[in-house]
Amino acid sequence: MLTMARGPGQGYVGQGLGIADVLAALYFHELRWDPGDLAAPDRDRFLLSTGHYSIALWAALAEAGVFPLSELSTYGADDSRLDMSTLDTTPGVEMIGGSLGHGLGQAVGMALGLRLAGSPARIFCELSDGEMQEGATWEAAMSASHFGLDGMVALIDCNGIQADGAVVLDMEPVAEKWRAFGFSTAEIDGNDMAAVVAALARTRQRDGRPHAIVLRTRPGFGIPTLMAREKAHFIRVDAGEWDALAAELEREGVRND
Amino acid sequence: MTERIFTRAMGVDEVSGVRPTVEAPFGHALAALGAERPEIVGMTADLGKYTDILPFRDAFPDRFFNMGMAEQNLVAAAAGFARTGFMPFATTYGVFASRRAYDFVAIAVAHSSLPVKIVAGLPGLTTGYGGTHQAIEDLGLMSLIPGLVVIDPCDATEIAAATRAAAEHPGPVYLRLLRGKVPVVFQPEGFLFEIGKARLLREGGDVGIIATGFMTERALDAADRLDALGLAAGVLHVPCLKPFDAEAVADFALRCDRIVTAENHVMRGGLASLVVEALHERGIQRSVRRIGLPDRFMECGAVPTLQKRYRITVDDIVASAEERA
């Protein structure tokens, strides 16, 4: 992700690093999918509702072999497939994200469709704490519960930031809200890989309730300098800083191993 | 003293003329299609009864989904359904499909050309419930969305045929719905509906009336009356606002001395604007008089009263066609 953001000199590195553990657990452990057959009808789907987190998705899809790692350096460049906000024209992208509040409703439709088709496939939909301010999110939550869509998992990235800074409307208590809407709900540290893997495994239960995992994440996770930066919604990095940040990430990675 | 009529929930039959009617042509057409196409699902946002989709629900209860009063989710879920291989027909009122769910229609559906068919009740001035329910600007709004087909059908025959055409079209469609007892203007035998094609109903001369939606029925009645007055009046029916058959409009206008447009919609951003553009682009100079709704929100009242007040009746078309430039 650092390599990607280095091209444009900016990007949603904070959000990307914050959600990276979740995407790693999904794409390399929990999802039943085949990078070589992206249109398989019974594939599990991951919907990235916050399209501007694309930087994390491109990293995961490239790592999985959907497109070459070398392509990552085109992130945000003219005519690149790896846009700053997702379009479904890029291989592996299941919906157009970025108009916040769109993801969960489309997940409901997909879950209804898969159930009607008799498919065992599941839908994992990422959305954010700021996105819970969009009313459509709750329209979708109501219907997911009403229709008993237990093949659907809402992954709520609570990183505490939105465009204007710290979350501008208090959304707490987040987990209680999802429970009240009928979701089987867990709340975990979204940067604790063991906790993420275990929580995803629990969503395999099909008991008539949709699932929600409230993920407490830290923007810029893995790079202390970025984690400390105040305006983390859209990180700008000075040209001279990249090598230092990369070295920090390297050190943190070693420490976490 | 003029008679005071009481507001009813609404019905096209309230204001239709002497023609026979058919009950719920959309719902019956969709039910018939559902038997042929297992991928069709029906969806609504708590307006199943009022958008004539219950015949489909009764035929295919497992393929019908009432999403509750939540039009954004209706359209978002329809997009998700379409992405798993289904073809949703989603019904609500035009005001909600356009004003409330617009971002979802544009981005979740049209941006990816998904096969979602939005069927929108209470078009234009067909309800006495005032600005909350009168979809007076939906044709303009929906026509501005890239790749969305926009249809304003005239009668029961055309609604049934357009429903079938919508199912055969691979992309998204916005179909204005006439519900309840809908007049039959076109004979159903051999009737074909082709998306993007205008229908010449009557050759012009002194005046050419270009109409869409149920205003075409009125245009035909107006043309009969103009004929009796010694004016040769033609009628071109343009059910598709998008794609718009500009060539047919231009050809028709060339054979008429002057043009009257007639639409159940505000007079900007809909049919009249498209006609003027088409003629101007081709250097065709004809005066164009517009019959349509005013640039204002209208009050509650009985539909016949409001349609007279806002000048979309046969009388209004005749008067406009009689005026010389």
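Here the structure is a predicted model, which means the values were calculated and not measured. (Residues numbered from 1 in each chain as written. Chains lettered and ligands numbered in written order. Predicted model: local features only at pLDDT ≥ 70, side-chain atom pairs only at ≥ 80, totals over all residues. Heavy atoms only, no water.)

Draft legend 1. Just the overall build of chain A, in detail. Along chain A, the regular secondary structure elements total 9 helices and 9 strands. Once the C-alpha set of chain A is aligned to its principal axes, its extents read approximately 55 × 40 × 35 Å. Within chain A, the proportion of its 257 residues that are buried is 56%. Pairs at least 24 apart in sequence give 76% of the contacts found in chain A among residues at least 6 apart. A total of about 10300 Å² of accessible surface is found on chain A, and carbon and sulfur atoms cover 51% of it. The positive charge centre, built from 20 side chains, and the negative charge centre, built from 36, are 5 Å apart in chain A. (Helix = DSSP H or I, 4+ residues; strand = E, 2+ residues; numbered from the N terminus. Buried < 20%, exposed > 50% of the residue type's maximum accessible area, 1.4 Å probe, protein only. Contact = heavy atoms within 4.5 Å. Areas by Shrake-Rupley, 256 points an atom, 1.4 Å probe, with all protein chains shown as cover. Lys, Arg positive; Asp, Glu negative; His and termini not counted. Charge placed at Lys NZ, Arg CZ, Asp CG, Glu CD.)

Draft legend 2. Highlighting the interface of chain B and chain A. Taken together, the contact pairs 24 residues of chain B with 24 residues of chain A. Among the residues of chain B in contact with chain A, Asn73, Arg83 and Thr84 of chain B are the three that bury the most area, contributing 27% of the side total. Between chain B and chain A we count 1 salt bridge in total. A salt bridge links Asp88 of chain A to Arg83 of chain B, with the nearest nitrogen and oxygen atoms 2.8 Å apart. Across the contact surface, chain B and chain A share 9 residue pairs in polar contact (both at pLDDT 80 or more). Residue assignment for the side of chain B that touches chain A shows that the elements contributing at least two residues are strand 3 (64-66), helix 3 (71-83) and helix 5 (102-109) of chain B. A per-element tally of the side of chain B that touches chain A places helix 3 of chain B first, with 9 residues. Among the residues making up the side of chain B that touches chain A, the classes are represented as 12 nonpolar, 7 polar and 5 charged. (Buried area = accessible area lost by both parts, 1.4 Å probe. Salt bridge = Lys/Arg side-chain N within 4 Å of Asp/Glu carboxyl O. Polar contact = N/O pair within 3.5 Å; in protein donor to acceptor, adjacent residues only side chain to side chain. Nonpolar A, V, L, I, M, F, W, Y, C, P; charged D, E, K, R; others polar.)

Draft legend 3. The arrangement of helix 2 (residues 13-30) of chain A in detail. In this model helix 2 of chain A runs 24 Å from its N-terminal to its C-terminal C-alpha over 18 residues, within 8% of the 26 Å that 1.5 Å per residue would give. Most of helix 2 of chain A sits out of view: 14 of its 18 residues are buried. (Expected span 1.5 Å × (residues − 1).)

Draft legend 4. Expanded view of the side chain of Ser128 of chain A. Residue and element names in this part refer to chain A. Inspection of the secondary structure assignment puts Ser128 in strand 3 (residues 123-128). Note on Ser128: relative accessible area 8%, which makes it buried. Those residues in contact with Ser128, other than ones at most four positions away along the chain, are Thr50, Tyr53, Ile156 and Asp157.

Draft legend 5. Structural view of the UniProt feature "domain: Transketolase-like pyrimidine-binding" (unreviewed entry) in chain B. Feature annotation in UniProt places "domain: Transketolase-like pyrimidine-binding" (unreviewed entry) on residues 20-184 of chain B, given in this structure's numbering. For the annotated span residues 20-184 of chain B, helix accounts for 39% and strand for 20% of the residues, and the straight-line distance between the end C-alpha atoms is 6 Å. (UniProt positions renumbered as here; feature names shortened; annotations may be inferred.)

Draft legend 6. Structural detail: the environment of Ser143 of chain A. Structurally, Ser143 of chain A is set in helix 5 (residues 135-146). Sequence separation between Ser143 of chain A and Asp207 of chain A is 64 residues; the distance between their C-alpha atoms is 16 Å.

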